[in-house]
Amino acid sequence: MKKIKKLLLGLILMVAISSFAQEYKFGEVSKEELLETSYPFDKSANAAVLFEKKKIYYDYDPKQGFVLTTEVFKRIKLYTKNGFGHASEELFLYQSNGTAERVSGLSGVTYSLAEDGSVIETKLKNDGIFKTEVSGSLKKMSFTMPALTKGSIIEYKYKILSPFSRSIDRILLQYDIPIKKIKVSLAIPEYYTFRKRTAGFLPINIRESSDRQSDMIYSQRVDYNVTKYDISAQQVTAFKKEPYSGNYMNYVSALSFELQSVQFPYSTIQNYASTWGGIAKGAFKNSRFGGAMNTTKYFKKDVDQLISGVSDPMKKMNLIYDYVKEKMTWNDRFAVMPRKNMKKVYEERVGSAAEINLMLIAMLKYAKVNVKPILVSSSNKALSLFPTLQGLDYVVARVKVNEDVYFLDATDKYGEPNVLPDRVVQGLGRLITERGDSDMVMFRPSKVSLKQNVLLCQIEEDGNIKGKQRVKYTSYEAHDFRVQNASKKEEEHIKRLKSIYGIQNISEYKVDNVENIGEAISESFAFEVPDEIEVIEDEMFFSPLLFLRNKENVFKSDERKYPVDLRYGFSNSYSVNIKIPEGYTVAEKPEDVGFQLPEKMGSFVFRMTIVGDMIQLFVSETVSSPLITEQYYSVLKEFYGQLIKKESDQVVLKKV
């Protein structure tokens, strides 16, 4: 046995050493790679990056100055059809004042095996390349590799040439699929001083060295020092997306560079290290941002009419907020700065997050409501590790009435004060003032949202159950319901409920208050269930929560390295009244129980009473903390394990 273990260990080491020593060249894909049916170090992987090489360096251009060049070569193996999603790439290109980043030398090939064992090569063509505009300052180029089959290998290469030499993009060193081998190199001229930051949970080995480079700068041959960074790794494990991950990109292993200063030959030093105070002052001085909050002429007449005779700031806030929500439609653009003239945006009734919410702020300011802007890093963007405007992509409003604070986002048709869309709730904000004050803002609510279930039913002698259920949704629970279901017809609602509860006979469906934003939603239906009760001779066995019980613990991993992001705290309550059939009595019932999570993060209550021929059950499931740190993961997992076990306890009815 020991000899076998040594032999296996030796084979694994040989594979590891050979994979690290292997050289990869574009266009040279081996048949052995194509024949590989699973990733050796993770058999569950549907795809893997066999090799990635990223080279980042500066070239001097007499017209543009230093140009930042990023060369990428990537080879990916697609083991199953579920891995085909990794055959696409998105490149985001920044542009400003007539200057733009551009892609050069894009080339890609898909390799597949034919039935006779020959290798089929299919090149990426123009019809697989797409260009779209994300915002006024950002364009997206994306491409999808052609002719994909199970077992295909794709590879592609390209260069990004950026005149914005002061900004190095975040370098990802981990994906949601494993990486067999990755090599990253950076070469930064001595004129740029950056501070590097690492993120994630994997060790990142950075080798730093120096070299000399020569360029014609200001018509003179100049020799200068270059700082080099080399990162290489093999067998990088896939980032595992757990339930309630939030913005998982915040936890992926990556490397970031923050520019501190620039000093070219014969020039004075320019400091670029940002502070939130500097960003705040700069935003207010910016004609697009500050100007959007101070321009009132285009809406003055409408707002005067809207708030005529109203002096209460709370009423003014609600009137203006509802007015902007109703009038404007979000175009799905994330932005901090308006792109268009605000008068034109108002007339077209369509705008970005910046345009709509800065318009809201301008109207509230005009109405003399105490309002300030909050710059947001949304859930679409990895949180920046240092102060930078590039790390922000959204704007919301903060209103203060007396001592009460309200967050408003008028892009969300179903939003209400302090009820925000997930893209904001799972992000991070920075409240700013004109004089440069700045405070971090967490949007996750401190108040729990309620979902109240009331179920009335009776059990027939054959074990069939007939009854009615009513569900009440409040706050974020109601918001979620509206976002997901507001446009659905009755048939679609019934189909949804059948899928949730696993029951087929649903009738008398009714839902109220979906269109009345700010009010609780009430949903009710009648049901008939033939299979929740097990009948054995003269006894019946069933869970008293019936189809409402939790059946599966979503937290399956033994450990977790990042927080559980629930978005908001919640409390699900169940009031169940079951009439037992005539001639039966309750022989056994589950014991009452209650337990809690530490730090008052949550609780569970299970109470049952028997009154005549009625079983009365009350269950409460509460998790009050919207964000639970990884140190409490095992406790949370155990909490749900106990909860599910208790809800599965059975009542036994016995025929008298």
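Just above sits the structure.
From a predicted model like this one, the values you see are computed outputs, not experimental measurements. (Residues numbered from 1 in each chain as written. Predicted model: local features only at pLDDT ≥ 70, side-chain atom pairs only at ≥ 80, totals over all residues. Heavy atoms only, no water.)

Caption draft 1: Structural context of the side chain of S557. Relative to the elements of secondary structure, S557 occurs in the loop between β29 (539-542) and β30 (564-565). On the accessibility criterion, S557 (9% relative accessible area) is buried. Side-chain polar atoms of S557 contact the side chain of E242, separated by 2.8 Å. Leave out the neighbours within four places in its chain, and S557 touches K240, E242, Y633 and K637. (Helix = DSSP H or I, 4+ residues; strand = E, 2+ residues; numbered from the N terminus. Buried < 20%, exposed > 50% of the residue type's maximum accessible area, 1.4 Å probe, protein only. Polar contact = N/O pair within 3.5 Å; in protein donor to acceptor, adjacent residues only side chain to side chain. Contact = heavy atoms within 4.5 Å.)

Caption draft 2: Layout of the pattern of salt bridges. Going through the model one piece at a time under the given rule, you end up with 28 salt bridges. One salt bridge in this structure joins E90 and K140, with 3.4 Å as the shortest N-O distance. Taken as a pair, E90 in strand β3 (residues 88-96) and K140 in strand β8 (residues 138-144) lie far apart in primary sequence, 50 residues in all. Since its relative accessible area comes to 21%, K140 is described here as partly exposed. A salt bridge links E348 to K340, with the nearest nitrogen and oxygen atoms 3.1 Å apart. Taken together, the salt bridges that share partners define one network made up of E33, R75 and E155. (Salt bridge = Lys/Arg side-chain N within 4 Å of Asp/Glu carboxyl O.)

Caption draft 3: Expanded view of unusual backbone geometry. Located in the positive-phi region is N418, a residue other than glycine, with phi close to 70 degrees. Looking at the secondary structure, you find N418 in the loop between β21 (404-408) and α9 (422-425). One non-glycine residue with positive phi stands out, namely S475, at about 50 degrees. Here S475 is to be found in helix α10 (residues 475-485).

Caption draft 4: Up close: the side chain of Q426. Tracing the sequence through the fold places Q426 in the loop between α9 and β22 (428-432). For Q426, a relative accessible area of 15% corresponds to the buried category. Setting aside chain neighbours within four positions, we find Q426 in contact with G246, S379, R444, D565 and R567.

Caption draft 5: A nonpolar patch on the surface, seen in detail. A surface patch of nonpolar side chains, about 230 Å² in accessible area, is lined by L35, L113 and V119. Looking at the secondary structure, you find L113 in strand β5 (residues 102-113). (Patch = residues over 30% accessible without salt bridge, like charges linked within 9 Å, V, L, I, M, F, W, Y side chains within 5 Å. Areas by Shrake-Rupley, 256 points an atom, 1.4 Å probe, with all protein chains shown as cover.)

Caption draft 6: Layout of the packing of helix α6 (residues 313-327) against helix α8 (residues 353-366). α8 packs onto α6 with a crossing angle of 150 degrees between their chain directions and a minimal axis gap of 10 Å. Comparing the axis directions of α6 and α8 gives the class roughly antiparallel. For the crossing formed where α6 meets α8, the hand is right-handed. Contact with α6, carried on its side by M317, I320, Y321, Y323 and V324, involves I356, L360, M363 and L364 of α8 and no other residues of that element. For the contact of α6 with α8, the residue count by class is nine nonpolar, no polar and no charged. (Axes fitted to C-alpha atoms, helices over the stretch in contact; angles between N-to-C directions. Parallel < 35°, antiparallel > 145°, perpendicular 65-115°, else oblique. Left-handed = near helix turned anticlockwise from the far one by under 90°. Nonpolar A, V, L, I, M, F, W, Y, C, P; charged D, E, K, R; others polar.)

Caption draft 7: Inspection of the sheet that holds strand β33 (residues 593-596) at higher detail. Taking strand neighbours across the sheet as the criterion, the eight strands line up as β26-β27-β25-β24-β31-β35-β34-β33 in an open arrangement whose pairing is mixed. On the outer flanks of this sheet lie β26 (505-512) and β33, each paired with one strand and no other. Neighbour-to-neighbour, the strand axes of this sheet turn through a mean angle of 10 degrees, independent of strand direction. Alignment of β26 against strand β27 (residues 521-529), held across six bridges, turns out to be antiparallel. Bridging across to β27, N505 finds its partner in E528. Packing of helix α11 (residues 490-501) onto the sheet brings it into contact with β24 (449-459), β25 (465-473), β26 and β27, and relative to β26 it is tilted by some 120 degrees. (Pairing = 2+ DSSP bridges.)

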